[in-house]
Number of protein chains: 2
Amino acid sequence: MKTYLDCYPCVLRQTIEAARISGASEPVARDLVLKTLDLLRQLPEGLTPPQIGTQVHAMVREETGHADPYQVVKQQATKKALLFLPKLRSLVSEAEDPFATAVRLSIAGNIIDYGPNPSYDLWDVVQQALRVDLAINDLESLRERLNTANSILFLGDNAGETVFDRVLIETLKQPVVYAVRGGPIINDATLADAKAAGVDGVASLVSNGSRIPGTVLSDCSPAFQKRFKEAEVILAKGQGNYETLSEVQAPIWFLLKVKCPVIGRNLGAAAGSFVVKQGLRA
Amino acid sequence: MKTYLDCYPCVLRQTIEAARISGASEPVARDLVLKTLDLLRQLPEGLTPPQIGTQVHAMVREETGHADPYQVVKQQATKKALLFLPKLRSLVSEAEDPFATAVRLSIAGNIIDYGPNPSYDLWDVVQQALRVDLAINDLESLRERLNTANSILFLGDNAGETVFDRVLIETLKQPVVYAVRGGPIINDATLADAKAAGVDGVASLVSNGSRIPGTVLSDCSPAFQKRFKEAEVILAKGQGNYETLSEVQAPIWFLLKVKCPVIGRNLGAAAGSFVVKQGLRA
């Protein structure tokens, strides 16, 4: 997905948020904002929003010396989500359609987002996920593909959300490779975060070798690129993976909650809605 | 009120909104966004947010050739608000404390804001205004001052909101001078907008001679500056007047609905709350 004009204010907002969560003083935060203005002024054509976000967060890390400002946020999110694990498993095992329920729960987990955002209630979102219609519903094409696939590549998103993904993976019959970011970026899950969520018990964990809050293939390790290219079916969680892979031809299904109106317009789905969208076919 | 870092993303957002409502093509909107980045990069110290907004909207007018892009929005807002006039008058005349009720209704009218924002229901806000506690409540000091004042200077804000102000003015015993912006800026009321709301039937209308969405005294006409300086009591509506006059010593009371979290933090009141705040005393 391209970067729209409407993304510009949001990039600035992210700089301010990252600066503050990194404990930057107001003059340092101000300097980071001015640098972000310069960055936006000279943006190369064709960057996706997560690639710009990567540059912003690298700048904030460099100026504040804080290598992983969201570490505590991530640990807390995982801890909180683990408390839900027995409930989530019951919801799946008691469901008429365990797979569809597990997919919906995995999307619900996508509400866990960066920074202190006390304005959502995780259990409310779980309840909503079970109830609402999917705004884009390619669940049946995904189910069909899974019927014959021998293995699954699962692209994770945020820490904490990983617990919800674990529940979905538990319903899948095939071996699953769960790919995470190559280093800390915002609240995205790394190997340590996926382990803390117990995903290593149900899937093989791999790093994608890249520190972008999405999946930009050219920035990923050769090993991950090979794995992506050869994958029979790919499940991609969250907005960042959609923004960076929406124009890539692959056997991919995006599972996400639409949290941003720009992505909503791009998808043709309202902000707040739940989406299972098949990607561009080869 | 100073311009906080958090205002920067909002300035960019305003550029995009103003460009679109002016019918700018995407390349023109993009150019305006880039110019806004330059403007923010070189911001002189000490500007209030409405002063920056003024520069942004002047830029949009210049590039698009659209002198008053919010004209239709303003006319519609006034028309819609006039439909409420009989109801508002009944609420006041049937109230135990007609003055307090009229003040609350006048604040409720402040929800009418620029651009297409279908997300509020005016009547809901009216109901809320009658019910909720004021987050800052200097109503009694205002009432006391009004008891002995011979005249009132009323600083208007948005078109449509003017109708709600008219109802408040109808409860006041003293002659009222109702000041509006010196030219079209966003959806702020001008002389024509105040007349369309019938404010000319209950107050003398004056222009402040300035085209800023607030009241920057140094930018106002000498006649208005004199009037402001000599005023016995000043009622100032809305965020723009608060942002530009919060540090001016004057017998002023700010009536507003907090629509922005930055102003909320500055005031110490939550976003969404209703405020009657006495200004800095001389």
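Please refer to the structure higher up on the page.
Conventions used here
Residues numbered from 1 in each chain as written. Chains lettered and ligands numbered in written order. Predicted model: local features only at pLDDT ≥ 70, side-chain atom pairs only at ≥ 80, totals over all residues. Heavy atoms only, no water. Least-squares fit on C-alpha atoms with pLDDT ≥ 70 in both. Contact = heavy atoms within 4.5 Å. Helix = DSSP H or I, 4+ residues; strand = E, 2+ residues; numbered from the N terminus. Polar contact = N/O pair within 3.5 Å; in protein donor to acceptor, adjacent residues only side chain to side chain. Axes fitted to C-alpha atoms, helices over the stretch in contact; angles between N-to-C directions. Parallel < 35°, antiparallel > 145°, perpendicular 65-115°, else oblique. Nonpolar A, V, L, I, M, F, W, Y, C, P; charged D, E, K, R; others polar. Buried < 20%, exposed > 50% of the residue type's maximum accessible area, 1.4 Å probe, protein only. Buried area = accessible area lost by both parts, 1.4 Å probe. Salt bridge = Lys/Arg side-chain N within 4 Å of Asp/Glu carboxyl O.

S.K.: What should I look at first to understand the relation of the copies chain A and chain B in this one?
M.R.: A rotation about an axis combined with a shift along that same axis relates the two copies of the chain. Mapping chain A onto chain B calls for a screw motion: a turn of 180 degrees about the axis and a shift of 0.0 Å along it, with 0.0 Å RMSD after fitting. Both copies of the chain, as the preceding transformation shows, are related through a two-fold rotation axis. No C-alpha of chain A lies nearer the rotation axis than that of Pro9 of chain A, which sits 2.1 Å from it. Looking at the interface residues of chain A, 100% of them are also at the interface in chain B, so both copies use one shared face.

S.K.: Looking at this structure, how should I read the environment of Thr171 of chain A?
M.R.: Residue and element names in this part refer to chain A. Looking at the secondary structure, you find Thr171 in helix H8 (residues 161-171). Sequence separation between Thr171 and Ser93 is 78 residues; the distance between their C-alpha atoms is 9.2 Å. For Thr171, the contacting residues outside a window of four places in its chain are Val92, Pro98, Phe99 and Ala102. Engagement of the side chain of Thr171 in a polar contact is seen with the backbone oxygen of Leu168, the distance being 2.7 Å.

S.K.: Just checking my understanding: could you explain the packing of helix H5 (residues 98-108) of chain B against helix H8 (residues 161-170) of chain B for this structure?
M.R.: Relative orientation and spacing of two packed helices are given, respectively, by the angle between their axes and the distance between those axes. All names here are of chain B. At a closest axis distance of 8 Å, the pairing of H5 and H8 adopts a crossing angle of 170 degrees. Relative to H8, the element H5 is oriented roughly antiparallel. Contact residues: H5 offers Phe99, Ala102, Val103, Leu105 and Ser106, while H8 offers Glu161, Phe164, Asp165, Val167 and Leu168. Looking at the contact of H5 with H8, its residues break down into seven nonpolar, one polar and two charged.

S.K.: Whenever I open this one, unusual backbone geometry confuses me. Can you help?
M.R.: Glycine aside, residues mostly have negative phi, and peptide bonds are mostly found in the trans state. Here the phi dihedral of Ile186 of chain A falls at roughly 50 degrees; this positive angle occurs in a residue that is not glycine. On the basis of relative accessibility, which here comes to 8%, the residue Ile186 of chain A falls in the buried class.

S.K.: Can you walk me through the interface of chain A and chain B in this structure?
M.R.: How large an interface is tends to be reported as the accessible area lost when its parts come together. With 17 residues of chain A in contact, the opposing surface of chain B contributes 17 residues. Across the interface of chain A and chain B, roughly 1,800 Å² is buried in total on both sides, 63% from carbon and sulfur atoms. The largest share of the area that chain A buries against chain B comes from Leu5, Leu37 and Arg41 of chain A, three residues that together contribute 34% of it. Counting every contact that joins chain A to chain B gives four salt bridges. Residue Arg20 of chain B pairs with Asp6 of chain A through a salt bridge whose shortest N-O separation is 2.8 Å. At the junction of chain A and chain B, the tally comes to six residue pairs in polar contact (both at pLDDT 80 or more). The set of elements that each furnish at least two residues to the side of chain A that touches chain B consists of helix H1 (7-21) and helix H2 (26-41) of chain A. Class assignment of the residues belonging to the side of chain A that touches chain B gives a composition of ten nonpolar, no polar and seven charged.

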